[in-house]
Amino acid sequence: MYRAKTFWISFSNAALDWIYPPQCALCTHIGQPPVCGVCLSEMRPLPPLSEPTADDVLSFRLSAFEYEGRAAQAVRRLKYSRATSLAAFMADAVKTMACETDMADGRIVVPVPIHWRRRCARGFNQAELLCQAFPAQTIQKKLLIRTRPTPSQAGLNADERRRNLTGAFKVLSSLAGQRVLLVDDVLTTGHTGRECARALIEAGAIDVGLVTFAAEL
Ligand SMILES: [Zn+2]
């Protein structure tokens, strides 16, 4: 009975692969999903540590890939085309970067929040999906919230970007003595990560670092 069931599952999977061949989520060529070897080889890995500036509230910033080409496409496809098949691959890259540098040790993992209205429209928060490779007991999805919708940062100058995000984040419980690893999909100007870190430190966090899938250089 067990062997018949196993055979039927294998047969069904093979039939499905024949009808719908596995495709790369980025170039759509038939191959190993979600990202084929060619697309992966086109992503530019970043060195393990970036130096924070002297006045930075973030103690470190880590990113797996440069935000260009296939890596930027992965960020956009997850967020705007809801290609959630990419999430596990991207989450693994985030966790590997944090763990290779020992930066996840003893930290709670907090996704950068999006406003609830945007979450309803999109159906998910991409930063939460990128936390999924960390141990479940370390992830705190409801600790940090975005209190108001913030317009896109694109097209704003540095002052406008800072004002746009000031006071936009709130922590819902005390973090006395805690160390935090913030997770996001992409690091551009760093204003979002810094504003989140300010809110977390005000709530008692003693150290906040950021890891992202990609970073704009
Ligand atoms: Zn591909």
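Going by the structure above, here's the rest.
These numbers were taken from a predicted model, which means no experiment stands behind them. (Residues numbered from 1 in each chain as written. Predicted model: local features only at pLDDT ≥ 70, side-chain atom pairs only at ≥ 80, totals over all residues. Heavy atoms only, no water.)

(A) Up close: the overall build of the chain. Check the secondary structure of the chain and you find eight helices and six strands. Starting at the N terminus and walking to the C terminus, you meet the elements of the chain as α-α-β-α-α-β-α-α-β-α-β-β-α-β. Counting all 217 residues of the chain, 45% fall into the buried class. Considering only contacts in the chain between residues 6 or more positions apart, those separated by 24 or more positions represent 71%. Here the chain displays about 11900 Å² of accessible surface, and carbon together with sulfur accounts for 55% of that area. (Helix = DSSP H or I, 4+ residues; strand = E, 2+ residues; numbered from the N terminus. Buried < 20%, exposed > 50% of the residue type's maximum accessible area, 1.4 Å probe, protein only. Contact = heavy atoms within 4.5 Å. Areas by Shrake-Rupley, 256 points an atom, 1.4 Å probe, with all protein chains shown as cover.)

(B) Region of the structure containing the pairing of strand S6 (residues 207-215). In terms of residue burial, S6 counts as a mostly covered element, since eight of its nine residues are buried. Bridge count between strand S1 (residues 60-66) and S6: six bridges; the pairing is parallel. Bridge pairing in S6 places Arg61 opposite Leu210. Looking at chain direction, strand S5 (residues 179-187) and S6 are connected through eight bridges and run parallel. By the bridge assignment for S6, Val183 is matched with Val211. With respect to chirality, the unit in which S5 leads through helix H8 (residues 191-202) into the neighbouring parallel S6 is right-handed. (Pairing = 2+ DSSP bridges. Right-handed = clockwise from strand over helix to strand, strands pointing away.)

(C) Spatial organisation of the side chain of Arg146. Here Arg146 shows up in strand S3 (residues 144-146). We note that Arg146 is buried and unpaired, the nearest opposite charge coming from Asp184 at a distance of 6.1 Å. A polar atom in the side chain of Arg146 sits 2.9 Å from the backbone oxygen of Pro113. What Arg146 contacts, discounting residues up to four positions off in sequence, is Val112, Pro113, Ile114, His115, Leu165, Ala168, Phe169 and Thr192. (Lys, Arg positive; Asp, Glu negative; His and termini not counted. Salt bridge = Lys/Arg side-chain N within 4 Å of Asp/Glu carboxyl O. Polar contact = N/O pair within 3.5 Å; in protein donor to acceptor, adjacent residues only side chain to side chain.)

(D) Seen up close, the coordination of the zinc ion. At the metal site, the zinc ion is ligated by Cys24 (SG), Cys27 (SG), Cys36 (SG) and Cys39 (SG), and these contacts range over 2.3 to 2.4 Å. Relative to the metal, the four donor atoms surrounding the zinc ion lie at angles of 107 to 114°, and the coordination shape comes out tetrahedral. Mapped onto the sequence, the donors of the zinc ion take the spacing C-x2-C-x8-C-x2-C. The class of Cys27 is buried, set by a relative accessible area of 16%. The buried category is assigned to Cys36, whose relative accessible area is 10%. (Donors = N, O, S within 2.8 Å, 3.2 Å for Na, K, Ca; no water. Tetrahedral: all angles 85-135°; square planar, octahedral: opposite > 155°, others 65-115°.)

(E) Representation of the sheet that holds S6 in the model. Strand order in the open sheet made by the four strands is S1-S6-S5-S2, with parallel pairing throughout. Each edge of the open sheet is held by one strand with a lone partner, namely S1 and strand S2 (108-111). Between one strand and the next, the sheet's axes are offset by a mean angle of 20°, whatever the strand orientation. Strand contacts of helix H4 (residues 87-100): S1, S5 and S6, with the helix running at about 135° to S6, the strand carrying the most contacts. (Axes fitted to C-alpha atoms, helices over the stretch in contact; angles between N-to-C directions.)

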